[in-house]
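Chain residues, written in single-letter form:
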Amino acid sequence: MSRSLPEPWRVKVVEKIQLLPRDERERLLVKGGFSLFQIPSEAVFIDLFTDSGTSAMSDWQWAGMMQGDEAYAGARNFFHLQETIQDVFGFSHFLPVHQGRVAENLLFSTLLTRPGMIIPNNCHFDTTRANIEVNGGTALDLVISEGRDAQNLHPFKGNMDLVRLLQLFEERGDDVPACMLTLTNNSGGGQPVSLSNIRAVSALCREFGIPFYIDACRFAENAWFIKQRELGQGHRSVAEIVREIFGFADGCTMSAKKDGLANIGGFLATRNEELLEVLKQKLIVIEGFPTYGGLAGRDLEAVARGLREVLDENYLRFRVSQVEQFGAMLTAAGIPIMQPTGGHAVYIDARKLLPHIPQQQFPAQALSVALYREGGIRGVEIGSVMFGKDDPVTGELIPAPMELIRLAVPRRVFTNSHLEYVAGVLEDIRAQRHTLKGMRMTFAPKVLRHFSARFEEVEVGVGVEVEETAVAA
Ligand code: F0G
């Protein structure tokens, strides 16, 4: 019998979780306007909302926290992080920030110098997109077409479409102050980018003199996929692959809340010393002195240690296979998911599961409500609530291309039996899926509306005139 290896860690500390009674869950849903962002964490049984900032730190990281040097300037933990970033990524210059979006804010508020500029990416994460748009730029997603097809089994569905990138550079190169690539492609399903694609994007950027930045949030998971799937890479260590990847880049933005295995933290690295100086001055205004960047010394230490630990291949093997097995459980239960499973999450195709709910009634939001109601489980909608737009003329919803719900798996937190429970709840929801209602948005802010939108439940089809409209770009 073939056996997969269990968790490569044992439990030293535990945290209580509990399933509240159903009527209490129901009350909280109504009180919170059917927004999962409004549910208190203590009322959630299995929280798969995000893999960001939710990792369990190791004893080695906690030991490092005790060695936090809380000096205002020049804390020893800064120098440890500097040495780590140099070793792991090969960048000599970096600025610590308290989380990834500050790195994005610094970069784009500086690079986007006039209206009409464009930042291409495989797919921009929502905060990246927001930081580009609030600075007057256009965030352009150029992932390969396979990356938009939920069932396509391409091994690197996060790859950039090189033909479209070349066309953009040829036609509008002067308007492109930087090119990004997100590893792994979170908004496209946690799908990896191949080493050869990274190399090719870098080469095109060099040819046109365009700086190339990597959104490095899940760099180690991406490198593990390269080792597993890319021809000629199997014999190399993940650490070696990571060094090669970042050798192609002019810099990166990083949220250490993902593959930094930390609860807070991030950084911006760049080889451009002139730019670094400008960003440093901005950092002092918005985050703090450049040797702590909005973080406590102990947090810098947790990140420094996390960045080394995440390269442990026993850890990565378990991590990626846990997510893969979770996907396989759901598939066995008849739940349609994006294939193949990505590195950090499973994405359920709510449109396929709930074809009776029109996109105007937010099927992925309806499913996320059902998950909490039935099992105290929290997942996040990645569909028309997050990415849909209102037609400026008619006010009608222009739906997102896909209606997904993401079940993100925090690192080193849940065992496989937690995930089996989630699969069981979804199986029950599937059995009664025809009873699920649609959602009507009762409140929505203009920017990043999914964080604060509120809803009410409505009968399917009521108040919806058009079944299918144009799909938001
Ligand atoms: N880039 C990507 C690809 C991300 O997934 C995130 C965060 C960020 C940037 C921003 O980092 O949160 O530290 O400011 N993603 C989280 C998620 C929130 O749930 O996927 P941050």
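As a convention, each chain's residues are numbered from 1 in the sequence order in which they are written. Thresholds applied to this predicted model are a pLDDT of at least 70 for local features of residues and 80 or more for the giving and counting of side-chain atom pairs; totals over whole chains, interfaces and linings are not thresholded and use all residues. The side-chain quantities take in all heavy atoms of the structure and omit both hydrogens and water.

## Looking at the side chain of Lys-157
Cut-off, in case you're wondering: Per the convention used, a helix needs a DSSP run of H or I reaching at least four residues, while a strand needs a run of E reaching at least two, with both numbered from the N terminus. Burial here depends on accessible area, computed with a 1.4 Å probe over protein chains only, as a share of the maximum for the residue type. Under 20% is buried, over 50% is exposed, and the range in between is partly exposed. His is not counted, nor are the chain ends; Lys and Arg add positive charge and Asp and Glu add negative charge. One speaks of a salt bridge when a side-chain nitrogen belonging to Lys or Arg is within 4 Å of a carboxyl oxygen belonging to Asp or Glu. Definition of a polar contact: a pair of N or O atoms within 3.5 Å, with one able to donate and the other able to accept a hydrogen when the atoms are protein atoms, and with sequence-neighbouring residues admitted only if both atoms are side-chain atoms.
As for its placement among the helices and strands, Lys-157 is situated in the loop between β4 (138-141) and α6 (162-172). No salt bridge is formed by the buried Lys-157. Its closest oppositely charged neighbour is Asp-149, at 5.7 Å. Here Asp-149 takes part through its backbone oxygen, which lies 2.8 Å from a polar atom of the side chain of Lys-157. A polar contact of 2.9 Å, which involves the side chain of Lys-157, links it to the backbone oxygen of Asn-152.

## Here we look at the domain arrangement of the chain
Using the following cut-off: Each domain's limits were defined by an automated method or a database of domain assignments. Pairs of residues are marked as contacts when any of their non-hydrogen atoms sit within 4.5 Å. Defined in terms of a 1.4 Å probe, buried area is the accessible area two parts forfeit on being brought together, summed over both.
Examined at the domain level, the chain breaks down into domain 1 (22-51 + 313-470) and domain 2 (59-309). Put simply, the middle of domain 1 and the middle of domain 2, counted by C-alpha atoms, are 27 Å apart. Each side of the interface is counted separately: domain 1 has 27 residues, and domain 2 has 32 residues. Regarding the contact of domain 1 and domain 2, the summed buried area is about 2600 Å², with carbon and sulfur atoms giving 57% of it. Looking only at domain 1, the three residues that lose the most surface to domain 2 are Glu-313, Leu-316 and Pro-340, adding up to 20% of its buried area. One can count 6 salt bridges joining domain 1 with domain 2. With its nearest N and O atoms 2.9 Å apart, the salt bridge here joins Arg-319 to Glu-221. Viewed at the interface, domain 2 and domain 1 are joined by 17 residue pairs in polar contact (both at pLDDT 80 or more).

## A look at the sheet that holds strand β2 (residues 94-97)
Quick reminder of the rule: Between any two strands, at least two bridges found by DSSP are needed for them to pair. Only C-alpha atoms enter the line fits that serve as axes; for helices the fit covers just the stretch in contact. Angles between N-to-C directions range over 0 to 180 degrees.
Strand order in the open sheet formed by 5 strands is β2-β8-β7-β6-β5, with mixed pairing between adjacent strands. Whereas interior strands pair on both sides, the edge strands pair on one side only; in this sheet they are β2 and β5 (179-182). Adjacent strand axes in the sheet meet at a mean angle of 15° when their direction is disregarded. Pairing of strand β6 (residues 212-215) with strand β7 (residues 251-255), which is carried by 3 bridges, proceeds in the parallel orientation. Bridge pairing in β7 places Tyr-213 opposite Gly-251.

## Thoughts on the packing of helix α8 (residues 219-229) against helix α12 (residues 313-332)
Spelled out, the test is: With respect to orientation, any angle under 35 degrees is reported as roughly parallel, any angle over 145 as roughly antiparallel, any angle of 65 to 115 as roughly perpendicular, and every other angle as oblique. Under this grouping Gly is polar, as are all residues other than the nonpolar Ala, Val, Leu, Ile, Met, Phe, Trp, Tyr, Cys and Pro and the charged Asp, Glu, Lys and Arg.
Two elements in contact, α8 and α12, have axes whose closest approach is 10 Å; the angle formed by their N-to-C orientations is 85°. Between α8 and α12, the crossing angle belongs to the class labelled roughly perpendicular. Of the residues in α12, those touching α8 at Ala-220, Glu-221, Trp-224, Phe-225 and Lys-227 are Glu-313, Leu-316, Arg-317, Arg-319 and Val-320. Across the contact of α8 with α12, the residue classes break down as 5 nonpolar, no polar and 5 charged.

## Observations concerning the packing of aromatic side chains
Worth spelling out the cut-off: Planes of paired rings set the category: under 30 degrees apart is stacked, over 60 is edge-to-face and the rest tilted, where pairs are Phe, Tyr or Trp rings (Trp by its six-membered ring) whose centres lie within 6.5 Å. The criterion is that NZ of a Lys, or CZ of an Arg, lies within 6 Å of the ring centre and within 35 degrees of the ring normal, and then a charge sits over that ring.
Throughout the structure, instances matching the rule amount to 16 aromatic pairs. Between Phe-94 and Phe-267, the aromatic rings sit 6.1 Å apart at their centres with planes inclined by 85°, giving edge-to-face as the arrangement. Residue Phe-94 is found in strand β2, and its partner Phe-267 is found in strand β8 (residues 266-270); the two are separated by 173 residues along the sequence. When its relative accessible area of 5% is taken as the criterion, Phe-94 is described as buried. Ring geometry for Phe-219 and Phe-246: centres 6.2 Å apart, planes at 80°, overall edge-to-face. Remark: Phe-246 occurs in helix α9 (residues 238-247) and Phe-219 occurs in helix α8; sequence separation between them is 27 residues. Accessibility classification places Phe-219 together with Phe-246 in one group, the buried group. Taken together, the aromatic side chains of Phe-78, Phe-79, Phe-89, Phe-91, Phe-94, Phe-219, Phe-246 and Phe-267 make up a single cluster linked through ring pairs. The ring of Phe-49 carries the charged tip of Arg-378 above its face, separated from the ring centre by 4.6 Å. Sitting over the face of the ring of Tyr-315, Arg-412 holds its NZ or CZ atom 6.0 Å from the ring centroid.

## What to know about the site of the ligand
Note the threshold: Note on terminology: near, applied to a residue and a molecule or strand, indicates that one of the residue's heavy atoms is within 4 Å of it. The accessible surface values rely on the Shrake-Rupley method and a 1.4 Å probe; as for residues, cover is taken only from the protein chains in view.
The ligand sits among 17 residues. The nearest are Thr-50, Asp-215, Ser-255, Lys-258 and Arg-406. Gln-99 is positioned such that a nitrogen or oxygen atom in its side chain is 2.9 Å from an oxygen atom of the ligand. Arg-406 places a side-chain nitrogen or oxygen 2.7 Å from an oxygen atom of the ligand. Here the ligand loses 93% of its free accessible area of 470 Å² to cover by the protein chains. Per-element tally for the shell around the ligand: the top contributor is helix α4 (residues 100-111), with 3 residues. When the residues that make up the shell around the ligand are grouped by side-chain class, the tally is 2 nonpolar, 8 polar and 7 charged.

## A short note on the packing of α8 against α9
Closest axis-to-axis distance for the α8/α9 pair is 9 Å, and the angle between their directions is 110°. Judged by the inter-axis angle, α8 sits roughly perpendicular to α9. Seen from α8, the contacting residues are Phe-219, Ala-220, Ala-223, Trp-224, Ile-226 and Lys-227; seen from α9, they are Val-238, Ile-241, Val-242, Ile-245 and Phe-246. Taken together, the residues that form the contact of α8 with α9 break down as 10 nonpolar, no polar and 1 charged.

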